[in-house]
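Chain residues, written in single-letter form:
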Amino acid sequence: MKTILKSAVIASLLLGTAGIAQPALAQAAGTLVPGLAIANLDAVIANSNAFKAAETQRQTTYKAQIDQANARSTAINAQLKPLADKFNADRQGGKVGQAALEQQAASIQQIQENGQAEIQRITQPIALSRAYVQEQIQDKLDQAVKAAMAKKKISIVLNPDAILAVNNNAYNLSQDILAELNTALPSAQLVPPAGWLPREVREQRQAQGQAAAPAAAAPAPAASQPSGR
């Protein structure tokens, strides 16, 4: 049986990009076609000064939540291990009926799901912080792209992932965009304001509100009057 992510894995996820290779920014000389360049915007964001500084600061600012999540993960794994060991032994021994095995499996799964939900609640401030920083960077990214394109006289920028093959002489605009982004946003605010929600959630709620408005404004059908005799 799989258990909840071990403490070390949880820590690496909570602490940002520890143990996860960030996209590299490679700069090639020359141009693929005049006015055409490639750029890896995910790599630009991950290598920006604002993003890297926030990832480091978050380990201190949210240390209490990180430590609490690690402690709960360790405790939940300790609770799950004997249950999983017993389940595996009973299943291999052949002396426990299928109904009993299914009951054990359901109990283990319930503990896993409850534990994951608990850890998610603990780490929600961390997730909101990361989303808040990324949104600030994304808000400046378009400006950085346009500035880099103007300086290098680039009219079209393509994502390398959307191209089947790229010539080694293709001009990579990523480093130029990164420089512009670092200038436009040297650092980002780490802690979101109270009540802040990611852009996707805000847009979803706005769309739901707009959809509900016409229904609320529609007049109620008039009651039919009984015909006179």
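Here we summarise the structure given alongside this text. (Residues numbered from 1 in each chain as written. Predicted model: local features only at pLDDT ≥ 70, side-chain atom pairs only at ≥ 80, totals over all residues. Heavy atoms only, no water.)

**A look at the packing of aromatic side chains**
The geometry of two aromatic rings is summed up by the distance between their centres and the angle between their planes.
Right, on to step 1. Counted according to the given criterion, the structure contains 1 aromatic pair.
Right, on to step 2. Pairing Y132 with W196 gives two aromatic rings, centres 5.0 Å apart and planes at 65°, and the pair type is edge-to-face. Highlighted residues: Y132 in helix α6 (residues 124-152) and W196 in the loop between α7 (174-184) and α8 (199-217), separated in sequence by 64 residues. Here the two residues Y132 and W196 agree in accessibility, since each one is buried. (Phe/Tyr/Trp six-rings, centres within 6.5 Å; stacked < 30°, edge-to-face > 60°. Helix = DSSP H or I, 4+ residues; strand = E, 2+ residues; numbered from the N terminus. Buried < 20%, exposed > 50% of the residue type's maximum accessible area, 1.4 Å probe, protein only.)

**Notes on the nonpolar core**
Right, on to step 1. Membership of the largest hydrophobic core comes to 26 residues, with the highest contact counts inside it found for V44, V133, I137, L141, L173, I177 and L181.
Right, on to step 2. The set of elements that each furnish at least two residues to this core consists of α2 (41-46), α3 (49-61), α6 and α7.
Right, on to step 3. When residues in this core are grouped by element, the largest group, 8 residues, is from α6.
Right, on to step 4. Apart from residues lying up to four places away in sequence, I137 is in contact with I45, S48, A50, F51, L181 and L185. (Core = buried A, V, L, I, M, F, W, Y, C linked by side-chain atoms within 4.5 Å. Contact = heavy atoms within 4.5 Å.)

**Points about the pattern of salt bridges**
Right, on to step 1. Per the counting criterion, the structure on display carries 12 salt bridges.
Right, on to step 2. For K63, the salt bridge is made with D67, and the minimal N-O distance between the two is 2.6 Å. With K63 and D67 both in helix α4 (residues 63-93) and 4 residues apart, the pair spans about one turn of that helix.
Right, on to step 3. Here D67 falls in the partly exposed class, since its relative accessible area comes to 36%. (Salt bridge = Lys/Arg side-chain N within 4 Å of Asp/Glu carboxyl O.)

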